[in-house]
Structure formats: C-alpha cells, structure tokens
Amino acid sequence: METGILLESGTNELEILEFRVGSNYYGINVAKVREILPYKQPTLIPNAHPCIEGIFMPRDEIITIIDLAKKLNLPASDTGKDMFIVTNFNKLNIGFHVHSVVGISRVSWADIS
C-alpha cells in the first residue's frame, strides 16, 4: 500500500530534503531534519569561526547557524528565499543557512553511489 507520506521498513528507500546553495543542489536525510524555518538575522557571536553566522532561539533552545555558502566558498544569496534547516546529529542541534528548499524526494539506496 503506497501512502505517499511515510516509508515502510524493508523498502530500501530513504527520503532526502533537497536544498540549494548558490547554483548547486544538495540533500540531507529527512530523518535528521527537525524543522525548516524562514531566514531571520541571527545574533552574532564574538570571535566565532567565520562560517558560524551566529545563533538564534526559535523555541527556548539556542541553535548555532552555519552559513553553508561561506563554507563552500559560494556567493551569498540574492533571492530573499533563504531558509534555516535545523538538524539533529548525535544529540546536537545545528541550523544550516541555505538559499532555498526545493522539496523532498524518495530515493532507493541502489541509486546512491
């Protein structure tokens, strides 16, 4: 039965959130994404690494924001569609500043190299 929403175990598939930074497209496993939020100017951190854009507090939790364009040596966005992808890796919540979110795709592990 195809629900179109959740993956069933044993299907050998995963769902990828596709996003754009500059003219390049990237993906992240949906299971690692906590939420997607519209861009809001973060609070700067003194003496932070140049790729750390700052911090913000969406819901009583401080999230560090990494500027992926700066880290990847790509130009800053000029579209005004910037987003934060808030992720959870190893119990650590990190936000990534991306230029746009494209959507979610279901991919078979056989198609991943």
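Residues numbered from 1 in each chain as written. Predicted model: local features only at pLDDT ≥ 70, side-chain atom pairs only at ≥ 80, totals over all residues. Heavy atoms only, no water.

Enquirer: I'd love a proper account of the packing of aromatic side chains, names of residues and values included.
Expert: Within the structure shown, the criterion is met by 3 aromatic pairs. Each residue in the set Y39, F56 and F84 is aromatic and connected to the rest through ring pairs, giving one cluster. (Phe/Tyr/Trp six-rings, centres within 6.5 Å; stacked < 30°, edge-to-face > 60°.)

Enquirer: Give a description of the nonpolar core that names residues and reports values.
Expert: Judged by nonpolar contacts, L17, F19, V21, I28, V33, I66, L68, A69, I85, I94, F96 and V98 together constitute the single largest core of 12 residues. Counting residues per element, the ones that place at least two in this core are β1 (13–21), α1 (68–71) and β7 (92–98). Counting 6 residues, the second largest nonpolar core, distinct from the first, contains L37, I63, F84 and V86. (Core = buried A, V, L, I, M, F, W, Y, C linked by side-chain atoms within 4.5 Å. Buried < 20%, exposed > 50% of the residue type's maximum accessible area, 1.4 Å probe, protein only. Helix = DSSP H or I, 4+ residues; strand = E, 2+ residues; numbered from the N terminus.)

Enquirer: Could you give an account of the sheet that holds β1, naming the residues involved and the relevant values?
Expert: Whether parallel or antiparallel, the strands of a sheet pair through hydrogen bonds between backbone atoms. Within the open sheet, the 3 strands sit side by side as β2-β1-β8. Their pairing is antiparallel. Two strands close off the open sheet at either side, each with one partner strand: β2 (24–29) and β8 (100–108). In this sheet, adjacent strand axes meet at a mean angle of 30 degrees when their direction is disregarded. For β1 and β8, the ladder comprises 8 bridges, and the chain directions are antiparallel. Looking at β8, one finds that F19 is bridged to V101. (Pairing = 2+ DSSP bridges. Axes fitted to C-alpha atoms, helices over the stretch in contact; angles between N-to-C directions.)

Enquirer: Lay out the environment of D111 with the relevant residues and their values.
Expert: Structurally, the position occupied by D111 is in the segment after β8. C-alpha of D111 to C-alpha of H97: the two residues are 14 residues apart in sequence and 27 Å apart in space.

Enquirer: I'd like a rundown of the sheet that holds strand β6 (residues 83–89), residues and numbers included.
Expert: Read across the sheet, 5 strands follow the order β3-β6-β7-β5-β4 without closing on themselves; strand pairing throughout is mixed. Two strands bound the open sheet, and with one partner strand each, they are β3 (33–38) and β4 (52–56). Mean inter-strand twist for the sheet, computed between neighbouring axes without regard to direction, equals 25 degrees. Of the strand pairs in this sheet, strand β5 (residues 63–67) and β7 are connected by 4 bridges, and their pairing is parallel. Directly across from D67, in β7, lies its bridge partner H97.

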